[in-house]
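One-letter residues, chain by chain:
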Amino acid sequence: MAISSRLLSLAFLSLVVSCAFGEKTKGVTYDARSMIVNGERQLLFSGSIHYPRMPAEMWPDIIRKAKEGGLNLIQTYVFWNIHEPVQGQFNFEGNNDVVKFIKTIGEQGLYVTLRIGPYIEAEWNQGGFPYWLREVPNITFRSYNEPFIHHMKKYSEMVIGLMKKEKLFAPQANGKKYVKWAANMATSLYNGVPWIMCKQRDAPPHIISTCNGRHCGDTFTGPNGPNKPSLWTENWTAQYRTFGDPPSQRAAEDIAFSVARFFAKNGTLTNYYMYYGGTNYGRTSSSFVTTRYYDEAPLDEFGLYREPKWSHLRDLHRALRLSRRALLWGTPTVQRINQDLEITIYEKPGSDCVAFLTNNHTTNPATIKFRGKEYYLPEKSVSILPDCKTVVYNTQTIVSQHNSRNFIASEKAKNLKWEMYQEKVPTINDLSLKNKVPLELYSLTKDTSDYAWYSTSLTLDRHDLPMRPDILPVLQIASMGHALVAFVNGEYVGFGHGNNIEKSFVFQKPILLKPGTNTISILAETVGFPNSGAYMEKRFAGPRGVTIQGLMDGTLDITQNNWGHEVGVFGEKQELFTEEGANKVKWTPIIGPPKGVVTWYKTYFDAPESNNPVALKMDRMQKGMMWVNGKSLGRYWSSFLNPLGQPTQYEYHIPRAFLKPTNNLLVIFEETGGHPETIEVQTVNRDTICSIITEYHPPHVKSWERSGTDFVAVVEDLKSGADLTCPDNKIIEKVEFASYGNPDGACGNLFNGNCSSANSLKIAEQHCLGKNTCKIPIEREVYDEPSKDPCPNMFKTLAVQMKCGNKK
């Protein structure tokens, strides 16, 4: 059956695409309540998933898991710089095939929001602008600037023309001036869909303004007009990381609370940014952003369910869908009981009714009386009552399961045999591009490499050098960023770098100089281009001032000493990371501690056992890049420690799609040293599953459904309990922890409190061992006779942890 994939709404610049099978379209409009698709109001649960941040082979599985999570809409950017890397030369193949990505979403019956940019930010290199745009004469990015709007319009026409051709549409100061122009340009190119602008409070009247942030239910003042819906285009599920950052987390309870608040306040669309973050392969990430992108999303970097975030939000979506008719057609009323407690009702007299009971206090639970009945509300929580009677979901009480991620050393891919090839450190005579002063790094590399060599030479006699043996000259390099490796007379001197907040830095190291000619060589490095802020096209990087301090005549400024330059390193140009390129040089076995500076390493390994995702553990390497079978895994930087004294990232995703059954070529370019013998190929799983549930948790939201206009229970026994399911049809092979009492901790690190039933482990084993899915009751009499209850006056919690494995 033919798939009709139809673009629905455009968020600035973004379109929503509707995808369904053989469905007749009535178009997409909106009113003050919601988006209206094919004549019907909609609740839209969306997730950001970016097609270039994973291999195309992963698209169907990630989209399927998003749909299982209750999403009916996928949001993605269109990445200008990957589609037009060279002006006028377009690439929509492989991972860049955005049309195929949209159609893949359509095959699973979901809508799409297509954010065409052209500026996307997205922690993506130059915010999605191709490098060549930077070199257009007199251009100013994101401004009412004639060169910029010329190229922006041309690109937008190309993308929208592509969508039209593929029949994907539904019915088929200077800054402010630019915003108005962009809105008019967008609607003039295609006015058959709603267009929206993210975070643009002064959006023009024919554009819908929307909210980005963590708590739009309480911070969004509403759209820019009385007849427009409240839309949340970016609900941040955690935070992207830059090298040097500590871990980023956002609790599932906090996300659920914010979404419930938003829908209680007239919201009808939320988009999780990110729902699946994926990986910044190659050189695609912006300045200092880690290779792993939004690992704390509901689907982690490896595409595994991050529990309870994924399932707690899935349950929230179900609870809101059970309330759909009242939310979309009911009349809202709000009753404020005090500064913390609030009741919001949407009701159609005589038919549909939904109530949101809110406790805004961050530490104290409360009891709230509603229509003659008392309801317990944990701290900072919203309870949803789809019939204004029955609590089916509370944002703070997680009924779904938890899990913990495990990295396991592969047996099939161990005992790696490494060989090495060391780059030659060039002199000025080796470098053909000459200039009086060091050239600016961005415009030198033109985004074709992270690296560029700089070299100069100076002649000294023995009277220029310090006479005392305890005094050495000092090489000082003032750099505009991002990092550099320095050499004197071919010998390694040191490594220096900036950070995401302050890209510039000053490198200072003592050096050994000799009478006669001395060579100063610098490998200057970028770690991505900027992605946000004003005047991105005028940002700079690289060495700008070089001096030698401590000579007998004082400080010698060699900035204007004449410099040689070369973009890239030799191994890049020879493509040593491919089979063909690797044969162009002589590799030597590693004997003893490797020297390691500007060195290439290679080895071969077989694809790891099982079907689990694969990772590369790089915790004892320093900084560089990685390739498998010629495909770039991105940058690594294990030597950049965060405030906790740990690398921000040291496991790196190797997609299974990159691997052959045997003899996979792994190549590492290490800039400053490291221990390749410690690199480990691992498999990744979430086979540690848990439940942490209390006596006051409501039964699972799947216990109810809508039958026409009726709200009915679908189970006979409406009781809470610990529901557990192993992934991938595995079975529970071991109960690692069980406590009914007052346990504490998180999945993977649970521990007993001061009270626990002695029968906890036995009960858990009876209900779960050998099964793929199980439910453990939480009734007190199941664990202990009343006279033997070790803590009868305590609110009880059941915490269990299971290990899943393959069936024997």
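Residues numbered from 1 in each chain as written. Predicted model: local features only at pLDDT ≥ 70, side-chain atom pairs only at ≥ 80, totals over all residues. Heavy atoms only, no water.

With that settled, the discussion passes to the overall build of the protein chain. Summing up its helical and strand segments, the protein chain has 15 helices and 47 strands in all. The C-alpha radius of gyration of the protein chain comes to 30 Å, within 12% of the 28 Å expected for a compact globule of 808 residues. Projected onto the principal axes, the alpha-carbon positions of the protein chain cover approximately 95 × 70 × 55 Å. When each of the 808 residues of the protein chain is scored for burial, the buried share is 60%. A total of about 32,300 Å² of accessible surface is found on the protein chain, and carbon and sulfur atoms cover 49% of it. (Helix = DSSP H or I, 4+ residues; strand = E, 2+ residues; numbered from the N terminus. Rg over C-alpha atoms; globule rule 2.2 N^0.38 Å. Buried < 20%, exposed > 50% of the residue type's maximum accessible area, 1.4 Å probe, protein only. Areas by Shrake-Rupley, 256 points an atom, 1.4 Å probe, with all protein chains shown as cover.)

A rise of 1.5 Å per residue sets the reference length of helix α9 (residues 309–322), with its 14 residues, at 20 Å; its end C-alpha atoms lie 20 Å apart and thus fit the reference within 8%. Buried residues dominate α9, accounting for 11 of its 14 residues. Among the residues of α9, Lys309, Trp310, Ser311, His312, Leu313, Asp315, Leu316, His317, Ala319, Leu320 and Leu322 are the ones counted as buried. (Expected span 1.5 Å × (residues − 1).)

Further remarks concern the UniProt feature "domain: SUEL-type lectin" (unreviewed entry) in the protein chain. Feature annotation in UniProt assigns "domain: SUEL-type lectin" (unreviewed entry) to the following positions: residues 716–805. Within the segment residues 716–805, helix and strand shares are 14% and 40% respectively, and the terminal C-alpha atoms sit 32 Å apart. (UniProt positions renumbered as here; feature names shortened; annotations may be inferred.)

Glancing now at the pattern of salt bridges. With the rule as written, the count across this model stands at 43 salt bridges. Between arginine 306 and aspartate 295 there is a salt bridge, and its shortest N-O distance comes to 3.2 Å. Of this pair, arginine 306 sits in the loop between β12 (267–276) and α9 while aspartate 295 sits in the loop between β12 and α9, and the two are 11 residues apart along the sequence. One salt bridge in this structure joins aspartate 300 and arginine 686, with 2.9 Å as the shortest N-O distance. Remark: arginine 686 occurs in strand β39 (residues 680–694) and aspartate 300 occurs in the loop between β12 and α9; sequence separation between them is 386 residues. Like aspartate 300, the residue arginine 686 is buried in the burial classification. (Salt bridge = Lys/Arg side-chain N within 4 Å of Asp/Glu carboxyl O.)

Here we come to the sheet that holds strand β18 (residues 381–385). By way of backbone hydrogen bonds, the strands of a sheet pair with one another, either parallel or antiparallel. The 5 strands lie next to each other as β13-β14-β15-β18-β19, forming an open sheet whose pairing is antiparallel. Both edges of this open sheet fall to β13 (331–336) and β19 (393–394), since each of them pairs with a single strand only. Of the strand pairs in this sheet, β18 and β19 are connected by 2 bridges, and their pairing is antiparallel. By the bridge assignment for β19, isoleucine 384 is matched with tyrosine 393. On top of the sheet, helix α8 (residues 252–264) reaches β14 (341–347), β15 (353–359), β18 and β19; it is set at about 130° to β15, its chief contact. (Pairing = 2+ DSSP bridges. Contact = heavy atoms within 4.5 Å. Axes fitted to C-alpha atoms, helices over the stretch in contact; angles between N-to-C directions.)

Bringing the nonpolar core into the picture now. Core analysis: the largest hydrophobic core is formed by 88 residues, its most contacted members being Ile49, Leu133, Met163, Leu316, Leu320, Phe356 and Ile384. Once residues within four sequence positions are removed from consideration, leucine 316 is found in contact with Ala256, Val259, Ala260, Tyr272, Ile384 and Tyr393. Ranked by size, the runner-up nonpolar core spans 53 residues in total, among them Phe243, Tyr421, Trp587 and Leu666. (Core = buried A, V, L, I, M, F, W, Y, C linked by side-chain atoms within 4.5 Å.)

Two elements in contact, α8 and α9, have axes whose closest approach is 9 Å; the angle formed by their N-to-C orientations is 20°. One way to sum up the angle between α8 and α9 is to call them roughly parallel. The hand of the α8/α9 crossing is right-handed. Contacts between α8 and α9 pair Ala252, Glu253, Ile255, Ala256, Val259, Ala260 and Phe263 from the former with Lys309, His312, Leu313, Leu316 and Leu320 from the latter. Tallied by class, residues from the contact of α8 with α9 come to 9 nonpolar, 1 polar and 2 charged. (Parallel < 35°, antiparallel > 145°, perpendicular 65-115°, else oblique. Left-handed = near helix turned anticlockwise from the far one by under 90°. Nonpolar A, V, L, I, M, F, W, Y, C, P; charged D, E, K, R; others polar.)

Attention now goes to the pairing of β15. Counted residue by residue, β15 has 7 buried out of 7 residues, so it is predominantly covered. Of the two faces of β15, the one carrying Cys353, Ala355, Leu357 and Asn359 and the one carrying Val354, Phe356 and Thr358 are both buried. Both β14 and β15 contribute to a ladder of 7 bridges, which runs antiparallel. Opposite isoleucine 343, over in β15, you have leucine 357 as the bridge partner. Once β14 ends, the chain turns through 5 residues before running back antiparallel as β15, passing glycine 350 with a positive phi of about 80°.

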